[in-house]
Amino acid sequence: ASSTTTAASQILFLHPRNGDQVKQCPVVDGTGQIPADQGLWIIAVPDSAAPHKQYWIESPAKMDGPDHWSATVPVAIDSAGASGVSGDLYAVLLDKKWSDYFAASSAEGKFFALSFPPSASLAAGPLAVTRVADPGGLSCHPKTSRP
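Here the structure is a predicted model, which is why all the values come from computation and not from measurement.

### What to know about the overall build of the protein chain
Move 1: On a plain count of helices and strands, the protein chain comes out with one helix and nine strands.
Move 2: Shown N-terminal to C-terminal, the secondary structure of the protein chain runs as helices and strands in the order β-β-β-β-β-β-β-α-β-β.
Move 3: Across the 147 residues in the protein chain, those meeting the buried criterion constitute 44%.
Move 4: Sequence separation of 24 or more characterises 73% of the internal contacts of the protein chain that already satisfy a separation of 6 or more.
Move 5: Accessible surface for the protein chain amounts to roughly 7,100 Å². Of this, 56% is attributable to carbon and sulfur atoms.

Structural data, given as structure tokens:
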């Protein structure tokens, strides 16, 4: 396991691991407990070397076993054909109001921001990864296009 953690929840990434080469939509899961009054969200920052970073609010996570959580929808690292791009993953805890807002509002698309969402508390990250090309360049978000 890697990354910074909050003392209360002990959220850690299991997959991917820091320094991994990943395809566009890697499995994102980890250990720790999601507090009942908060939501855990996975945020991707593709091209983390860019001067103006984009924070892609990608997926809520859910508890799916004792002390284990996983992202509920694919987490994209840059666009379908990208390769060699550095990116960072973060797991953030949001208060229930903001978590519910993103959950209700992001069914058909993803949010982009220039910073973490309001009420965000860093639970784990940054987890540095490098994108490698997907066979056939297929996107993991067929209904959503990325810049």
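### Observations regarding the pairing of strand S5 (residues 55-65)
Move 1: Summarising the sheet, strand S4 (residues 38-46) and S5 pair through five bridges and their orientation is antiparallel. Looking across to S5, one finds that Ile43 is bridged to Ile57.
Move 2: With three bridges joining them, S5 and strand S8 (residues 111-113) adopt antiparallel strand pairing. Bridge pairing in S8 links Tyr55 to Ala113.
Move 3: Across four bridges, S5 lies against strand S6 (residues 68-71) in antiparallel orientation. Opposite Ala61, over in S6, you have Ala71 as the bridge partner.
Move 4: Where S5 hands over to S6, the hairpin turn is made up of two residues, of which Asp67 adopts a positive phi near 60°.

### Things to note about the packing of aromatic side chains
Move 1: Counting across every chain of the model gives ten aromatic pairs.
Move 2: Among the aromatic residues, ring-to-ring pairing joins Trp41, Trp98, Tyr101, Phe102 and Phe111 into one connected group.

### Examining the pattern of salt bridges
Move 1: By the definition in use, this model includes one salt bridge.
Move 2: The shortest N-O distance in the salt bridge between Asp100 and Lys96 comes to 3.3 Å. Highlighted residues: Asp100 and Lys96, both in helix H1 (residues 96-105), separated by four residues, approximately one helical turn.
Move 3: Overall, the relative accessible area of 39% leaves Asp100 in the partly exposed class.

### Regarding the environment of Ala124
Move 1: Looking at where Ala124 falls in the secondary structure, it is placed in strand S9 (residues 121-131).
Move 2: As a C-alpha pair, Ala124 and Tyr90 span 34 residues in sequence and 5.7 Å in three-dimensional space.

About the cut-offs
- Residues numbered from 1 in each chain as written.
- Predicted model: local features only at pLDDT ≥ 70, side-chain atom pairs only at ≥ 80, totals over all residues.
- Heavy atoms only, no water.
- Helix = DSSP H or I, 4+ residues; strand = E, 2+ residues; numbered from the N terminus.
- Buried < 20%, exposed > 50% of the residue type's maximum accessible area, 1.4 Å probe, protein only.
- Contact = heavy atoms within 4.5 Å.
- Areas by Shrake-Rupley, 256 points an atom, 1.4 Å probe, with all protein chains shown as cover.
- Pairing = 2+ DSSP bridges.
- Phe/Tyr/Trp six-rings, centres within 6.5 Å; stacked < 30°, edge-to-face > 60°.
- Salt bridge = Lys/Arg side-chain N within 4 Å of Asp/Glu carboxyl O.

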